[in-house]
4 protein chains.
Amino acid sequence: MVERILEAGARVLAEHGYDGASTSRIATAAGISPGSLYQYFPHKDAIVLAVLERYSDQLVAGITARMTGQFEQPAPVIVRATLAALLDGLDVEQPFLRAAVVHGPQLDDGRALRIFEDRIGELVLAYLTTRRDELRPGLSLPTAAWMLVRTVEHLTVRYLLDRPPVQRDHFLQELSQLTLNYLRPTST
Amino acid sequence: MVERILEAGARVLAEHGYDGASTSRIATAAGISPGSLYQYFPHKDAIVLAVLERYSDQLVAGITARMTGQFEQPAPVIVRATLAALLDGLDVEQPFLRAAVVHGPQLDDGRALRIFEDRIGELVLAYLTTRRDELRPGLSLPTAAWMLVRTVEHLTVRYLLDRPPVQRDHFLQELSQLTLNYLRPTST
Amino acid sequence: MVERILEAGARVLAEHGYDGASTSRIATAAGISPGSLYQYFPHKDAIVLAVLERYSDQLVAGITARMTGQFEQPAPVIVRATLAALLDGLDVEQPFLRAAVVHGPQLDDGRALRIFEDRIGELVLAYLTTRRDELRPGLSLPTAAWMLVRTVEHLTVRYLLDRPPVQRDHFLQELSQLTLNYLRPTST
Amino acid sequence: MVERILEAGARVLAEHGYDGASTSRIATAAGISPGSLYQYFPHKDAIVLAVLERYSDQLVAGITARMTGQFEQPAPVIVRATLAALLDGLDVEQPFLRAAVVHGPQLDDGRALRIFEDRIGELVLAYLTTRRDELRPGLSLPTAAWMLVRTVEHLTVRYLLDRPPVQRDHFLQELSQLTLNYLRPTST
DNA sequence: AATGAATGAGGGTTCATTCAT
DNA sequence: AATGAATGAACCCTCATTCAT
């Protein structure tokens with residue numbers, strides 16, 4: 001039932017966006033009555049939050065799967081693969097992505113987004129740590145992770161939302177480059 | 001009169017954020033009646049949009065001023081100066097910045113944000129063009145500009161909104177590094 | 001307009017009682033839209049409270065008028081006249097009286113009722129003070145006023161609400177007796 | 001089972017008052033499910049009514065016990081004892097007393113309150129009848145009982161609910177006086 | 001041009017009651 | 001008999017927008 005509500009919530013979010021996601025619309029989409037929502041969630045935003053968290057969890061799981069055990073691969077390979085996984089994972093209906101990006105930070109004090117970024121950040125940090133000696137000397141790993149996670153996330157979202165006239169491969173290429181160059185020791 | 005409304009709108013946005021910016025609050029702040037707003041703007045969001053556009057214009061002007069005539073300076077210098085200008089320009093009241101970032105993209109199909117980014121993008125593109133031969137070969141300048149503008153904008157906003165435990169100078173340093181390294185030719 | 005709302009509120013209260021006094025019913029009765037209520041009152045209970053306070057004010061004014069300048073009349077005369085005034089003043093539609101008695105004490109922490117009783121209490125206290133030497137020795141005037149105000153108020157309300165098989169005159173007679181005897185010196 | 005529900009209802013009423021006494025809260029307190037309530041009671045208010053009736057029964061029993069066989073005692077003694085019994089009997093949790101006083105009259109057309117007052121009234125009437133020759137001549141005993149029962153009940157309730165700055169003994173003294181004086185023959 | 005009172009659709013939420021299991 | 005999830009009508013309130021003055 002919680003499942004059914006979340007699924008309906010996701011569908012409504014994907015179709016109507018956050019502002020169109022009224023409780024009655026979600027209830028109708030779930031084939032239940034408005035009151036039933038409150039048997040499982042304390043208020044509307046808790047539903048939206050749960051939908052976003054579930055999506056976030058899937059995304060994190062996907063990224064994690066793609067990176068795990070690949071740390072010894074050449075950097076360009078694993079970075080590119082990871083970015084591709086993220087791009088694929090974020091490639092959902094635009095209103096849904098927009099709701100996540102716009103309203104996620106407002107729900108429960110940004111809980112969902114914070115958790116997402118923290119978990120991806122830990123993953124990145126772990127990776128950077130194993131590669132520390134190949135990185136630019138003096139680089140603060142936590143700072144680097146903070147920068148990269150937000151950069152990559154935002155550019156990917158923007159790419160999907162704004163659909164700039166750049167090929168997917170080219171975009172991934174540039175994103176990889178941005179990432180790798182940032183970490184790379186500065187020649188000279 | 002339009003001026004008065006915009007000024008009031010900015011004040012209300014800075015103090016109460018988007019959700020607290022009701023038409024009556026803006027009207028009160030402007031010392032006029034709610035109905036009068038509609039003599040000058042078709043609806044509430046047009047006011048917010050205009051406020052954001054005015055702010056955006058100032059920001060662009062500031063950045064432009066800082067870059068203009070500085071193209072021949074060493075890259076690290078001009079980049080750093082530009083980033084600092086952006087960081088300063090965006091360092092406004094948090095509710096205002098949040099409103100701009102969260103609701104800007106929703107207003108008139110993202111008009112204000114698009115214009116802002118386009119103009120900064122042109123500036124960056126112009127600069128990159130003058131420096132083309134120092135850049136990574138094969139780099140698509142428009143793509144590079146697209147990437148950099150969004151990256152720098154987003155990281156700066158996040159830095160101001162989330163206040164991560166990173167010193168301002170360190171942050172600017174890393175942001176410069178990210179920018180410069182991205183453009184720099186890859187030493188084999 | 002406030003007047004119109006109060007009048008409508010009183011009518012709705014008189015016809016449907018407290019529980020039937022929904023905001024939409026009051027608005028309809030006043031010939032306005034629900035939203036307009038909130039231009040003049042912060043919430044529904046403020047309307048009900050204001051209705052009750054207005055009624056209370058009239059009642060107090062009526063009682064005051066009947067007692068003022070009559071202090072030198074024989075006690076049985078003034079007491080009887082006052083009680084009659086109260087009985088008449090409280091003889092409104094039953095649902096209204098019931099709403100006042102049942103919900104008055106719950107609104108704004110009993111404000112309306114407290115004020116009503118305090119004002120009648122002061123009146124009674126003033127009267128008792130002028131008659132002190134005819135009263136039972138050792139009688140605490142404030143306590144006596146407290147007892148009498150509540151007794152008389154309650155019995156009158158109950159008489160009107162329950163319609164016991166007692167003639168109006170007889171009831172007033174007994175109420176007078178209760179009052180006078182309570183105050184009278186106890187003949188050894 | 002009915003017993004269990006009533007006990008739970010009383011507890012909930014005492015702790016949360018009428019408005020906080022939702023069916024689900026009562027069910028939880030009784031350790032059963034909401035639906036089961038309807039196996040034993042037709043609707044929520046029937047539960048509350050039954051709770052109040054049970055309480056009323058205890059109260060009546062207590063008063064009766066205190067008066068029975070005491071009729072030959074001096075009037076001041078038995079009156080005072082009876083009033084004290086009432087004051088003690090009504091000295092329950094405020095939310096419970098409030099619920100009884102406020103909502104009792106609304107339940108089943110005031111059934112519980114009517115029965116309570118009728119029974120106390122009969123007791124008083126019986127007592128008055130045995131003392132008829134000491135009472136004010138011409139006094140209608142039923143009317144006197146009606147007046148006294150309501151007066152004493154209300155003043156006691158108000159004393160407990162409003163906690164006026166009057167000592168308990170003083171209050172009982174005045175209440176006795178009010179009662180006795182009302183009945184006493186008027187010295188010329 | 002300016003007013004600001006009036007609008008009214010729509011929102012989220014509650015809870016006594018029902019009914020399939 | 002007992003469950004407890006599901007119901008859904010009804011509630012109070014908000015605020016962008018309108019329009020008579």
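Bear in mind the structure is a predicted one, so any value in this text is a computation, not a measurement. (Residues numbered from 1 in each chain as written. Chains lettered and ligands numbered in written order. Predicted model: local features only at pLDDT ≥ 70, side-chain atom pairs only at ≥ 80, totals over all residues. Heavy atoms only, no water.)

1. Quick look at the protein's contact with DNA strand E
In step 1: With respect to spatial proximity, 26 residues lie near DNA strand E, and among them A:Y38, B:S36, B:Y40, C:Y40 and D:T23 are the closest.
In step 2: Sugar and phosphate atoms represent 61% of those atoms of DNA strand E found within 4 Å of the protein.
In step 3: A:K44 is positioned with one of its backbone polar atoms (N or O) 2.8 Å from a phosphate oxygen of DNA strand E.
In step 4: One of the side-chain nitrogen or oxygen atoms of C:S36 is found 2.9 Å away from a phosphate oxygen of DNA strand E.
In step 5: Those elements giving two or more residues to the surface near DNA strand E turn out to be α3 (34-40) of chain A, α3 (34-40) of chain B, α3 (34-40) of chain C together with α3 (34-40) of chain D.
In step 6: Tallying contributions element by element places α3(B) first for the surface near DNA strand E, with five residues.
In step 7: Of the residues in the surface near DNA strand E, the class split is eight nonpolar, 16 polar and two charged. (Near = heavy atom within 4 Å. Polar contact = N/O pair within 3.5 Å; in protein donor to acceptor, adjacent residues only side chain to side chain. Helix = DSSP H or I, 4+ residues; strand = E, 2+ residues; numbered from the N terminus. Nonpolar A, V, L, I, M, F, W, Y, C, P; charged D, E, K, R; others polar.)

2. Here we look at the interface of chain D and chain C
In step 1: At the junction of the two partners, chain D supplies 31 residues and chain C supplies 33 residues.
In step 2: Here chain D meets chain C over a buried area of about 2,900 Å², counting both sides, of which 63% is carbon and sulfur.
In step 3: Linking chain D to chain C there are five salt bridges.
In step 4: Linking chain D with chain C are eight residue pairs in polar contact (both at pLDDT 80 or more), by the criterion used here.
In step 5: Elements with a contribution of two residues or more to the side of chain D that touches chain C: α6 (94-103), α7 (111-130), α8 (141-162) and α9 (168-183) of chain D.
In step 6: At 10 residues, α8(D) tops the list of elements feeding residues into the side of chain D that touches chain C.
In step 7: Considering only residue class, the side of chain D that touches chain C consists of 13 nonpolar, 11 polar and seven charged. (Contact = heavy atoms within 4.5 Å. Buried area = accessible area lost by both parts, 1.4 Å probe. Salt bridge = Lys/Arg side-chain N within 4 Å of Asp/Glu carboxyl O.)

3. Quick look at the protein's contact with DNA strand F
In step 1: Close to DNA strand F lie 26 residues, the nearest being A:Y40, B:T23, C:Y38, D:S36 and D:Y40.
In step 2: Of what DNA strand F places within 4 Å of the protein, 62% of the atoms are sugar or phosphate.
In step 3: Within the backbone of B:T23, a nitrogen or oxygen atom sits 2.8 Å from a phosphate oxygen of DNA strand F.
In step 4: One of the side-chain nitrogen or oxygen atoms of D:S36 is found 2.6 Å away from a phosphate oxygen of DNA strand F.
In step 5: Looking at the surface near DNA strand F, the elements with two or more residues in it are α3 of chain A, α3 of chain B, α3 of chain C together with α3 of chain D.
In step 6: With five residues, α3(D) is the single largest residue contributor to the surface near DNA strand F.
In step 7: Split by residue class, the surface near DNA strand F holds eight nonpolar, 16 polar and two charged.

4. Let's talk about the relation of the copies chain A and chain B
The pair of chain copies shares a relation made of a rotation about an axis and a shift along it.
In step 1: Taken as rigid bodies, chain A and chain B are interconverted by a rotation of 178° and an axial shift of 0.1 Å, the fit giving an RMSD of 0.3 Å. Taken together, these values place the two copies in the relation of a two-fold axis.
In step 2: Mapped onto chain B, 94% of the interface residues of chain A are again interface residues, and the two copies thus contact each other with one and the same surface. (Least-squares fit on C-alpha atoms with pLDDT ≥ 70 in both.)

5. Observations regarding the UniProt feature "domain: HTH tetR-type" (unreviewed entry) in chain A
In step 1: Within this numbering scheme, the UniProt entry marks residues 1-59 of chain A as carrying the feature "domain: HTH tetR-type" (unreviewed entry).
In step 2: As annotated, residues 1-59 of chain A comprises 78% helix and 0% strand, and the C-alpha atoms at either end are separated by 23 Å. (UniProt positions renumbered as here; feature names shortened; annotations may be inferred.)

6. Here we look at the nonpolar core
In step 1: Counting residues in each nonpolar core, the largest one holds 142 residues, and the members touching the most others are A:F171, B:L128 and B:F171.
In step 2: For B:F171, the residues in contact, after removing those within four places along its chain, are A:W146, A:M147, B:L87, B:L155, B:T156, B:Y159 and B:V166.
In step 3: Counting 141 residues, the second-largest nonpolar core is a separate cluster that includes C:L139, C:L141, C:L180 and D:V51. (Core = buried A, V, L, I, M, F, W, Y, C linked by side-chain atoms within 4.5 Å. Buried < 20%, exposed > 50% of the residue type's maximum accessible area, 1.4 Å probe, protein only.)

7. Concerning the relation of the copies chain D and chain C
In step 1: Expressed as a screw operation, the relation of chain D to chain C combines 0.2 Å of axial shift with a rotation of 178°, fitting to an RMSD of 0.4 Å.
In step 2: Most of the interface of chain D is mirrored in chain C: 100% of its interface residues are interface residues there too.

8. Topic: the packing of aromatic side chains
In step 1: Enumeration over the complete set of coordinates arrives at 16 aromatic pairs over all chains.
In step 2: Aromatic side chains B:F71 and B:Y127 sit 5.2 Å apart centroid to centroid with 70° between the ring planes, which places their arrangement in the edge-to-face category. A residue pair is termed long-range when its members are at least 10 positions apart, and B:F71 in the loop between α4 (44-67) and α5 (75-90) and B:Y127 in helix α7 (residues 111-130) qualify at 56 residues.
In step 3: For the ring pair C:Y55 and C:F96, a centre distance of 5.1 Å and an interplane angle of 85° mean the geometry is edge-to-face. Taken together, the residues span a long stretch of sequence, with C:Y55 in helix α4 (residues 44-67) and C:F96 in helix α6 (residues 94-103) at a distance of 41 residues.
In step 4: Here C:Y55 falls in the buried class, since its relative accessible area comes to 12%.
In step 5: When its relative accessible area of 5% is taken as the criterion, C:F96 is described as buried.
In step 6: Ring-pair connections join several aromatic residues into one group, and the members of that group are A:W146, B:Y159 and B:F171.
In step 7: Over the ring of B:Y182 we find B:R136; its NZ or CZ atom is 5.0 Å from the centre of that ring.
In step 8: The positively charged end of D:K44 is found above the aromatic ring belonging to D:Y18, 4.7 Å away from the centroid. (Phe/Tyr/Trp six-rings, centres within 6.5 Å; stacked < 30°, edge-to-face > 60°. Lys NZ or Arg CZ within 6 Å of the ring centre and 35° of its normal.)

9. Some thoughts on the environment of C:E174
In step 1: By the element assignment, C:E174 lies in helix α9 (residues 168-183).
In step 2: Taking the relative accessible area as the measure of exposure, C:E174 reaches 5% and is therefore buried.
In step 3: Sequence separation between C:E174 and C:S36 is 138 residues; the distance between their C-alpha atoms is 48 Å.
In step 4: Beyond its immediate sequence surroundings of up to four residues, C:E174 is in contact with D:R136, D:L139, D:T143, D:M147 and D:Y182.

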